[in-house]
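Here's the letter readout for the chains.
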Amino acid sequence: MAGEERALAVLLQALQDLTPKDFQEFKTKLSEVHVEGGWNIPKDSLAKAAHPSALVSCVGKNYSEDAAMDIAIGLFEEMNQRDLAEKLLDEKVKEYKRKYREHVVREFLRYKEVNSCLGKNLSVKSRYTALTIARKPRSKHGGEHEAVGTSHGCADASNGPATITVTAQTLFKANDDGQTPQVVVLVGAPGMGKTMMIRKVMVEWVEGTAYTQFDYIFCIDCKDIAFTKEASVADLVSKCCPHRRTPAGKILDDQKKILFIFDSFEALGFSLVRPKDELSSDPREVKPLETTLMSLLKKTVLPESSLLITTRPTALQSLGQCLEGEYYAEILGFSAAMREEYFHRYFENDNKANVAFSFARGNKILYSLCVIPVMSWTICTILEQELNKKKNLIECSKATTQMSVFYLSRLTKCRDRDNPQDLQQFLHKLCSLAADGIWKHKVLFEEKEIKDHSLDQPDLLPLFLNEKISKKGVDHGNVYSFTHLHLQEFFAAMFYVLEDDEEMVDDTGALAKDVNMLLESYSESRKDLNLTVRFLFGLVSQKSIEYVNKIIGCRISSRAREDMLRWLQGRPRGISHPGQALKVSELDAFHFLFEMNEKTFVQSALGHFTEIDLQDIKLTLYDQMALSFCIRQWVGLGCITLRGCSFDQQDPRGELATSVPCSGASGAGGRPCPLAEEEPDSPIHPLCRALRHPGSDLRVLRLQWCGLSESCCAELSELLAEHPSLHRLELGDGTLGDGGVRLLCEGLRQPGCRLRVLRLRYSRLTSACCEDLAGMLGASPCLEELDLSFSEGLRDAGVRLLCEGLQNRACRLQTLRLGSCRLTGACCRTLAARLVESPRLTCLDLSDNELGADGILQLCQQLRHPACPLQALGLSTSGLNEDVLQELAALRALKPDLKIGYLLEQDAPQPGAMARLPFNRGVLPGTGGPGGRKALPSCRRGPCNNRSRF
């Protein structure tokens, strides 16, 4: 009412500024106005309104505030009173802004918990917990993998574009170079809290605590506009606020003050590729929705406005084709502190929160899942129900499927029904709807679809589906969506294994329950079915079958297990001949087996595989748990190769880390003590722990370009000492350092170590570690090959120290590789002496070193000795004088079995492999710093120019 009074007061002032003649003209034109859907002011009322105040009173009684202002503005423009029209328009915009902010508060401040059984209206401010977000500029020449990583909030310390940690409030904050992002793409997997964060942004904007640089923020839910065929930008603005008359033209004039938020961009199933000549530059021009959105993204319309787009990673590729100069921000989830804060915000009771959080923290799987906000909510929901019933929290399940089944059982018990068959039939139909939606990339369902599936049961439907009024209007009915995509994927998987009731078997038009089609579609192209397939494996586990039958009353068929087993066994690709080793090269296989959690099934599925070969993967804690579980059951595993992978870990600084309970009193409220009081596990601890299980027969372990730290070397040292079958260890990484090698040597000296081959290529070693290596050579019981190639810091001093180890009678070394270590002829005299004194040394690789003529001649002289056992010598012969070449030829004639030539293997990462690594890795592409490819010796001099002609 106050707003209406202000508007009429401005109108009164405008009328008072008119001359008597103009005032009469205004009244005359007003009498001719026809309002659509309304009526004209009676003529006798107009005749009595002799003064501006009386006329304003008459207008106020007959028209709404919006209508009165629109009519007056139109009449003033007809009368060429543009200043007065502009004055009223400004007031209209101010009033719209006030009403729009009130609407935002109503729309975004409070929300309903996702199921009606446990639900209540909650305040965003009371529940929202800050997320860890990493922002990085998009590479001009890179793809989405370069723009967005999956690290956990660690800033990138490289010389390249820096990854910085931001908050919801600072997404559009200027960088250190002063550049303010105009387009930000907020990336996050389902359940990472994108939409909840947008709610928080809208609320803080209204409150004036954030985003104050914008006069308007228009939040557009892409799921709501997916049905729209045509629209202009002005239409999209109008949909954001329910007022009939939106002054879109005036609002859009000041482009810099506008922020458009497109939430759930992936819900737009259409292609955004449009010819440039089809794009619009007029915000009022009605075009197909695809064209209008493309015009906004390409900045052909409102080029100075800002955009915030939330999406799942699957939509990044299509987005990247539309945007320029965008910044990418990735939601990494809850940090350790925020996970605990969320528990306290959820329970609103410190005692319950402490009990629940202690339980979750004590279960590594549950705690790692709590990084994902929706998982924190699910776990809190389950634990709250258990605590209310005073049940033992240990009953909570470990795997995602079991946890979802547990949640489903609790949810269905919220309804005290006389006939449980109704619930079972409802679940069958719900699963059919979910599966149909997953196949069609559909998350919104119209009312007709709900009725066609016989799901229009008011006492059950709200438990599983959210209901929203269609943007098409009330005449088109409501639209429905599952409370979360994860739940839709869970029910879709259940569709394939639920046994049908007899009365449902003859349903016509129903989706076929073909498990093989689901699995093959996932293998061939539908990677979005990953979680559905994962749930499928979890549901057919014996525990799930028994639990669902006993607690929920539904029967799950185990018939699909054989099909799923055959599918896993038949997944290897690229087998060139029958004798070639079968490798598991996709991480998802381990997740599927971990979800089922049955040892015998894992053994059957992996029995004929012998190797793991994973490349360029950020291994989260949950990934490592799945991998470790399978390794422990895998009797025939002989080789593990991880290239360009990194290991997430529990960060002792507290960022996305676990706090550990203190012994004794833990302080007020029972809060955990900081992790800094306890030494954290190394990143590869889960892997090494799995490899130490009694049944392991692993022979080869390759961890190349995995950013290994000294703590990793300590873990590997223990593994070497305890693993009798491990014969080959390759650690090609620029982050090991001398300290890491020193730790490895401790394990190699142990009597239980049976390692034969140790490769430390590209490890940036210096002569400081060679004393430890030399001591190890005399103590290692089995080591036959040592490869230190591409360690430019080793140099001559390091070689002299190594030679001390070679002369030890207990040294069993047969191959020593020192290629590209910046050696000179100064070390050749010492090496030459050891060629005779080391009776087992048969291969010495000195390729890609500038030894000079004198150094090579010293080696040749010793090689002539009859007692010299060397069978292969790696040299770079380009640039040598004729005397040296003649000496090498003579040596070859004397010992025709002696191989002399370029022996250095080139195994640097392929171009692009490094670029795909996560932000927080220690190996960065092209920096020239630690681990950078520009500093690699192999790039300095290629093998083609150094091959011997002998």
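Treat the numbers as computed from the prediction; the structure is a model and nothing was measured.

(A) Spatial organisation of the overall build of the chain. Looking only at helices and strands, the chain features 39 helices and 27 strands. Each of the 950 residues in the chain was classed as buried or not, and the buried ones make up 56%. The contacts of the chain with a sequence gap of at least 6 include a subset with a gap of at least 24, amounting to 78%. Accessible area for the chain stands at about 40800 Å²; split by element, carbon and sulfur atoms hold 48% of it.

(B) Representation of the packing of aromatic side chains. Evaluation of the coordinates by the stated rule reveals 32 aromatic pairs. Look at Phe495 and Tyr496: their rings are 5.1 Å apart centre to centre, the planes differ by 85°, and that puts the pair in the edge-to-face class. Taking relative accessible area as the criterion, Tyr496 reaches 6% and is therefore assigned buried. Ring centres 6.4 Å apart and planes at 75° place the aromatic pair Phe537 and Phe601 in the edge-to-face group. Highlighted residues: Phe537 in helix 25 (residues 530–539) and Phe601 in helix 29 (residues 599–606), separated in sequence by 64 residues. For the pair shown, Phe537 and Phe601 are each scored as buried. Through pairs of rings, three or more aromatic residues link up here, namely Tyr96, Tyr100, Trp205, Tyr216, Phe218, Phe260 and Phe262.

(C) Up close: helix 35 (residues 795–806). Along its 12 residues, helix 35 runs 17 Å from first to last C-alpha, staying within 8% of the 16 Å computed at 1.5 Å per residue. Where helix 35 is buried, its residues contact helix 34 (770–779), strand 24 (815–817) and helix 36 (828–837).

(D) Main features of helix 36. If you check which residues of helix 36 are buried, you get Cys828, Leu831, Ala832, Arg834 and Leu835. What you see down the axis of helix 36 is that its buried residues fit within an arc of 165°, all on one side. In the core, the buried residues of helix 36 are packed alongside helix 35, strand 25 (843–845) and helix 37 (852–863).

(E) Summary view of the nonpolar core. Core analysis: the biggest nonpolar cluster contains 257 residues, and Phe260 and Phe491 have the highest contact counts within it. Non-local contacts of Phe491, meaning those with residues more than four positions away in its chain, are made with Leu408, Leu427, Leu430, Cys431, Ala434, Phe464 and Phe482. With 31 residues, the next largest nonpolar core counts Val10, Leu46, Met69 and Ile71 among its residues.

(F) Quick peek at the side chain of Asp787. Here Asp787 is to be found in strand 23 (residues 785–787). Asp787 sits in the buried class, given a relative accessible area of 0%. Within the local environment of Asp787, its side chain forms a polar contact with the side chain of Ser789, the two groups lying 2.7 Å apart. Leave out the neighbours within four places in its chain, and Asp787 touches Leu758, Arg759, Leu760, Arg761 and Arg817.

(G) Local environment of the pairing of strand 16 (residues 611–615). Summarising burial for strand 16: 4 of the 5 residues are buried, a large majority. Bridge count between strand 15 (residues 583–584) and strand 16: 2 bridges; the pairing is parallel. Bridging from a neighbouring strand, Lys583 pairs with Glu611 of strand 16.

(H) A look at the pairing of strand 6 (residues 216–221). Taken across its 6 residues, strand 6 has 6 buried, putting it largely inside the fold. Burial of the side chains of strand 6 extends over both faces: Tyr216, Phe218 and Ile220 are buried on one face and Ile217, Cys219 and Asp221 on the other.

(I) Quick peek at the sheet that holds strand 27 (residues 899–901). Spatially, 15-16-18-20-21-22-23-24-25-26-27 is the arrangement adopted by the 11 strands of the open sheet, whose pairing is parallel. In this open sheet, the two strands that pair with only one neighbour each are strand 15 and strand 27. The sheet contact formed by strand 23 and strand 24 spans 3 bridges and is parallel. In the sheet register, Glu785 faces strand 24, and the bridge partner there is Thr815.

(J) Quick look at the packing of helix 23 (residues 485–497) against helix 25. It is the contact of helix 23 with helix 25, at a shortest axis distance of 8 Å, that shows an interaxial angle of 50°. By the angle between their directions, the pair helix 23 and helix 25 is classed as oblique. Relative to helix 25, helix 23 is oriented so that their crossing is right-handed. For the pair helix 23 and helix 25, contact is made by His486, Glu489, Phe490, Ala492, Ala493, Met494, Tyr496 and Val497 and by Leu531, Thr532, Phe535, Leu536 and Leu539, respectively. Residues of the contact of helix 23 with helix 25, tallied by class, amount to 10 nonpolar, 2 polar and 1 charged.

(K) Region of interest: the pattern of salt bridges. Applying the stated criterion across every chain, the model contains 31 salt bridges. One salt bridge connects Glu730 with Arg702, and the closest N-O pair in it is separated by 3.3 Å. In this pair, Glu730 is assigned in strand 21 (residues 728–730) and Arg702 in strand 20 (residues 700–704), connecting sequence segments 28 residues apart. Of the two residues, Glu730 and Arg702, both sit in the buried class.

(L) Just the environment of Leu744, in detail. Mapped onto the fold, Leu744 is located in helix 33 (residues 737–748). Sequence separation between Leu744 and Leu720 is 24 residues, and the spatial gap between their C-alpha atoms is 8.2 Å. Non-local contacts of Leu744, meaning those with residues more than four positions away in its chain, are made with Cys713, Leu716, Ser717, Leu720, Leu729, Leu731 and Leu760.

(M) Just unusual backbone geometry, in detail. Phi is positive for Leu302, close to 45°, though the residue is something other than glycine. When you line up the elements, Leu302 lands in the loop between helix 13 (289–297) and strand 10 (306–311). Since its relative accessible area comes to 5%, Leu302 is described here as buried. Phi angles above zero are rare outside glycine, and Arg764 is one such case at about 55°. Within the secondary structure layout, Arg764 lies in the loop between strand 22 (757–759) and helix 34.

(N) Region of interest: the state of the cysteines. Tallying each qualifying case throughout the model produces 0 disulfides. Here Cys554 is not cross-linked by a disulfide; its sulfur's nearest cysteine counterpart is in Cys431, at 7.9 Å. Judged by its relative accessible area of 2%, Cys554 falls in the buried class.

(O) Just the confidence of the model for the chain, in detail. Scored by pLDDT, the chain comes out at a mean of 78, with 80% of its residues at no less than 70. The lowest-confidence element of the chain is helix 39 (residues 937–940), averaging 34 in pLDDT; the highest-confidence one is strand 8 (residues 258–263), averaging 94. Low pLDDT, under 50, characterises residues 650–678; the stretch is placed with 60 contacts to residues that sit more than four places away or in other chains. For the stretch residues 910–950, pLDDT sits under 50, and the model shows 113 contacts to residues farther than four places along the chain or on other chains.

(P) Inspection of the packing of helix 2 (residues 20–31) against helix 5 (residues 65–78) at higher detail. Relative orientation of the contacting elements helix 2 and helix 5 amounts to 120°, with a least axis distance of 10 Å. What the angle tells us is that helix 2 and helix 5 run oblique. Crossing of helix 2 over helix 5 shows right-handed handedness. Contacts between helix 2 and helix 5 involve Phe26, Lys29 and Leu30 from the first element and Ile71, Ala72, Leu75, Phe76 and Glu78 from the second. Split by residue class, the contact of helix 2 with helix 5 holds 6 nonpolar, no polar and 2 charged.

Cut-offs applied
- Residues numbered from 1 in each chain as written.
- Predicted model: local features only at pLDDT ≥ 70, side-chain atom pairs only at ≥ 80, totals over all residues.
- Heavy atoms only, no water.
- Helix = DSSP H or I, 4+ residues; strand = E, 2+ residues; numbered from the N terminus.
- Buried < 20%, exposed > 50% of the residue type's maximum accessible area, 1.4 Å probe, protein only.
- Contact = heavy atoms within 4.5 Å.
- Areas by Shrake-Rupley, 256 points an atom, 1.4 Å probe, with all protein chains shown as cover.
- Phe/Tyr/Trp six-rings, centres within 6.5 Å; stacked < 30°, edge-to-face > 60°.
- Expected span 1.5 Å × (residues − 1).
- Arc of directions from axis to C-beta.
- Core = buried A, V, L, I, M, F, W, Y, C linked by side-chain atoms within 4.5 Å.
- Polar contact = N/O pair within 3.5 Å; in protein donor to acceptor, adjacent residues only side chain to side chain.
- Pairing = 2+ DSSP bridges.
- Axes fitted to C-alpha atoms, helices over the stretch in contact; angles between N-to-C directions.
- Parallel < 35°, antiparallel > 145°, perpendicular 65-115°, else oblique.
- Left-handed = near helix turned anticlockwise from the far one by under 90°.
- Nonpolar A, V, L, I, M, F, W, Y, C, P; charged D, E, K, R; others polar.
- Salt bridge = Lys/Arg side-chain N within 4 Å of Asp/Glu carboxyl O.
- Disulfide = S-S within 2.5 Å.
- pLDDT = per-residue confidence, 0-100.

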